[in-house]
Amino acid sequence: MNICGTGSSLPKFELDNQRLTTFLDTSDEWITTRTGIHTRRVITDETLLGMGLEAGAKALEDSGLEAKDIDFILCSTVQADTVTPSLACLIQAGLGAQCAGVDINGACAGFVYALDLAGALIDSGRARHVLVVCAEAMSRLCDWTDRSTCVLFGDGAGAAVCGPGEGYLRARLTSRGDGEIMYMRPNPGNSPFATAAQPYAPMHMAGQEVYKFAVSTVPKDLLALLEGAGLTPDQVDHYLLHQANKRILDAVRTRLRQGEEKFPSNIHCRGNTSSASLAILLDELNRAGHFRKGDLLALSAFGAGLTTGSCLLKWTKE
């Protein structure tokens, strides 16, 4: 499997740290020193469908393909605009594609999970071209009175068109079921018969536990991938990590003993956009001409579940 094209879409409203200090007990210095985030984009009148359609259309244009060429659509989202129909089905209709589609929820690792599923569809011959769309509105899931979480997240969508080829080298996906470190609970409904329904709870995250999980598992996953491919960390041209927290990015880089120039980042202006994070970063780097044909990319993300997803890619676009 190769990545043939990328796209992304962001809300128009840019929320900076200073604005957050008007209703939270925080400061720009407190946020930036702990996270590396200065601004993030937050939805106002946008929808995930609208952003997903824009990102998908841009990815198609970048790939030189049309909607009719897509054989399957995979959408990664924590919570779409509607429970049903799925975001993938609505994007299929909006783009005018004639194919099946389904949503997945791998939390922040969802892009790598979706890439791996796309690769399986393509390599098995079940599809020739798969559109992956990650669209997230974390601002709808946060508690905006909790400074420990709401300052971290942003909204956006990213997409990639996957096609046949040998660029997807290998992946490592893991899960460690834990319902306490990171979670949110939806409206339980009003069934008069439910006796075990848990009440609604916005996004909860135990920051120190997430940090320890990320800085221990991400390097381990990447080193295992590289060893399996007969490669060393020095041979990777670009490390694209989930943009969750600059401290985590720096810790992983230090453990891999690599230079900062190999770790491109947009966390300062995007924040944590969950599964859209890697997809948006990939698109921004692609459009900036950051990659050369033949470059080796290592992607890695972690999220609620707890999940991790890492993969090695050869960049095949001209």
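**Student:** What exactly am I supposed to notice about the packing of aromatic side chains here?
**Tutor:** One pair of aromatic rings is described through two measures. These are the centre distance and the angle between the planes. Counting across every chain of the model gives three aromatic pairs. Judged by centre distance (6.3 Å) and plane angle (50°), the ring pair of phenylalanine 23 and tryptophan 144 falls under tilted. Of the two residues, phenylalanine 23 sits in the loop between α1 (17-20) and α2 (28-35) while tryptophan 144 sits in the loop between β6 (130-137) and α6 (147-150), which places them 121 residues apart along the sequence. Pairing phenylalanine 291 with tryptophan 315 gives two aromatic rings, centres 4.7 Å apart and planes at 55°, and the pair type is tilted. In this pair, phenylalanine 291 is assigned in the loop between α10 (276-287) and β12 (296-303) and tryptophan 315 in the segment after β13 (305-314), connecting sequence segments 24 residues apart. With relative accessibility at 10%, the residue phenylalanine 291 sits in the buried group.

**Student:** How do you make sense of unusual backbone geometry when you look at a structure like this?
**Tutor:** Across residues other than glycine, the phi torsion is negative in most instances, and most of the peptide bonds are trans. In this structure, the amide linkage connecting threonine 84 to the following residue, proline 85, adopts the cis form with an omega of 5°. Take proline 85: it is sitting in the loop between β4 (72-76) and α4 (87-95). The omega angle of the peptide bond from glycine 305 to leucine 306 is 0°, so this bond is cis rather than trans. Looking at the element boundaries, leucine 306 is found in strand β13. The backbone phi angle of alanine 107 is positive, close to 55°, even though this residue is not glycine. Inspection of the secondary structure assignment puts alanine 107 in the loop between β5 (100-104) and α5 (110-123). Unlike most non-glycine residues, arginine 257 shows phi in positive territory, near 60°. Checked against the element boundaries, arginine 257 lands in the loop between α8 (246-256) and α9 (267-270).

**Student:** Sorry if this is basic, but what is going on with the sheet that holds strand β7 (residues 155-163) here?
**Tutor:** Sheet strands associate in pairs through backbone hydrogen bonding, adopting either a parallel or an antiparallel arrangement. The strand order β1-β7-β6-β4-β5 describes an open sheet built from five strands, whose pairing is mixed. The open sheet has two edge strands with one neighbour each: β1 (2-9) and β5. Sheet twist, expressed as the average angle between the axes of neighbouring strands with direction ignored, equals 15°. Where β6 lies against β7, eight bridges are found, and the strand directions are antiparallel. Directly across from alanine 137, in β7, lies its bridge partner aspartate 155. Strand contacts of helix α3 (residues 48-63): β1, β6 and β7, with the helix running at about 140° to β1, the strand carrying the most contacts. In this fold α4 packs onto β4, β5 and β6, with an angle of close to 130° to the strand it touches most, β4.

**Student:** Can you walk me through the sheet that holds strand β11 (residues 238-241) in this structure?
**Tutor:** In spatial order, the strands read β8-β13-β12-β11; together these four strands make up an open sheet with mixed pairing. Across the chains shown, the open sheet's two edge strands, defined by having one partner strand only, are β8 (168-178) and β11. In this sheet, adjacent strand axes meet at a mean angle of 10° when their direction is disregarded. Where β12 and β13 come together, eight bridges link them in antiparallel fashion. By the bridge assignment for β13, leucine 296 is matched with lysine 314. Helix α7 (residues 207-228) rests against β8, β11, β12 and β13 of the sheet, and its axis sits at about 35° to β13.

**Student:** I would appreciate a short explanation of the nonpolar core in the present structure.
**Tutor:** Most often, soluble globular proteins have nonpolar side chains that are buried together. Among the nonpolar cores identified, the biggest contains 41 residues, and Val151, Phe153, Leu222, Tyr239, Leu241 and Phe302 are the most heavily contacted of them. Of all the secondary structure elements, the ones that give two or more residues to this core are β10 (201-205), α7, β11, α8, β12 and β13. Among the elements that make up this core, the one with the highest residue count is α7 (eight residues). With sequence-adjacent residues up to four places away left out, leucine 241 is seen in contact with Val218, Leu222, Leu249, Val252, Phe263, Leu278, Leu281 and Ser300. One finds Leu74, Ile122, Cys162 and Leu240 within the second-largest nonpolar core, a separate group that totals 35 residues.

**Student:** Whenever I open this one, the packing of α7 against α8 confuses me. Can you help?
**Tutor:** In a pair of packed helices, the angle between the axes and the distance between the axes together describe the arrangement. Running from N to C, α7 and α8 point in directions that differ by 40°, and their axes come no closer than 9 Å. Classified by the angle between their axes, α7 and α8 sit oblique to one another. Judged by the sense of rotation from one axis to the other, the crossing of α7 with α8 is right-handed. Of the residues in α8, those touching α7 at Tyr211, Ala214, Val215, Ser216, Val218, Pro219, Leu222 and Leu223 are Arg247, Ile248, Ala251, Val252, Arg255 and Leu256. Counted by class, the contact of α7 with α8 contains 11 nonpolar, one polar and two charged residues.

**Student:** I keep staring at α2 and nothing clicks. Help me out?
**Tutor:** Helical periodicity: at 3.6 residues per turn, an α-helix aligns residues three or four positions apart in one direction. Among all positions in α2, only Ile31, Thr32 and Thr35 are buried. All buried residues of α2 fall inside an arc of 95° around its axis, so they share one side. Its buried side turned inward, α2 meets α1, β3 (39-42), α8 and α9. Looking one or two residues past α2, glycine 36 carries a phi angle of roughly 85°, positive in sign.

Procedures and definitions
- Each chain has its residues counted from 1, running along the sequence as written.
- Selection of residues for local features in this predicted model requires a pLDDT of at least 70, selection of side-chain atom pairs for listing and counting requires 80 or more, and totals for whole chains, interfaces and linings are taken over all residues.
- Where side-chain values are given, they derive from all heavy atoms of the structure, hydrogens and water being excluded.
- Classification of ring pairs uses Phe, Tyr and Trp, with its six-membered ring standing for Trp, and accepts pairs whose centres are within 6.5 Å; under 30 degrees between planes counts as stacked, over 60 as edge-to-face, and the remaining range as tilted.
- In this description a helix means any DSSP run of H or I spanning at least four residues, a strand means any run of E spanning at least two, and both kinds are numbered starting from the N terminus.
- The buried label applies to any residue whose accessible area, calculated with a 1.4 Å probe on protein chains only, is under 20% of its type's maximum; exposed applies above 50%, and partly exposed to all values in between.
- Whether two strands pair comes down to DSSP finding at least two bridges between them.
- To define axes, lines are fitted to C-alpha atoms, for helices over the stretch in contact only, and angles between the resulting N-to-C directions are given on a 0 to 180 degree scale.
- The contact criterion used is simple: two residues touch if any of their non-hydrogen atoms lie within 4.5 Å.
- For this analysis, a nonpolar core means a set of buried residues of the types Ala, Val, Leu, Ile, Met, Phe, Trp, Tyr and Cys, connected via side-chain atoms within 4.5 Å.
- Convention used here: angles under 35 degrees read as roughly parallel, angles over 145 as roughly antiparallel, angles from 65 to 115 as roughly perpendicular, and any remaining angle as oblique.
- Definitions for this section: a left-handed crossing has its near helix turned counterclockwise from the far helix by less than a right angle. A right-handed crossing has that turn clockwise.
- Under the scheme applied here, ten amino acids are nonpolar (Ala, Val, Leu, Ile, Met, Phe, Trp, Tyr, Cys and Pro), four are charged (Asp, Glu, Lys and Arg), and all others, including Gly, are polar.
- An arc is given here, and it is the one of the directions from the helix axis to the C-beta atoms.

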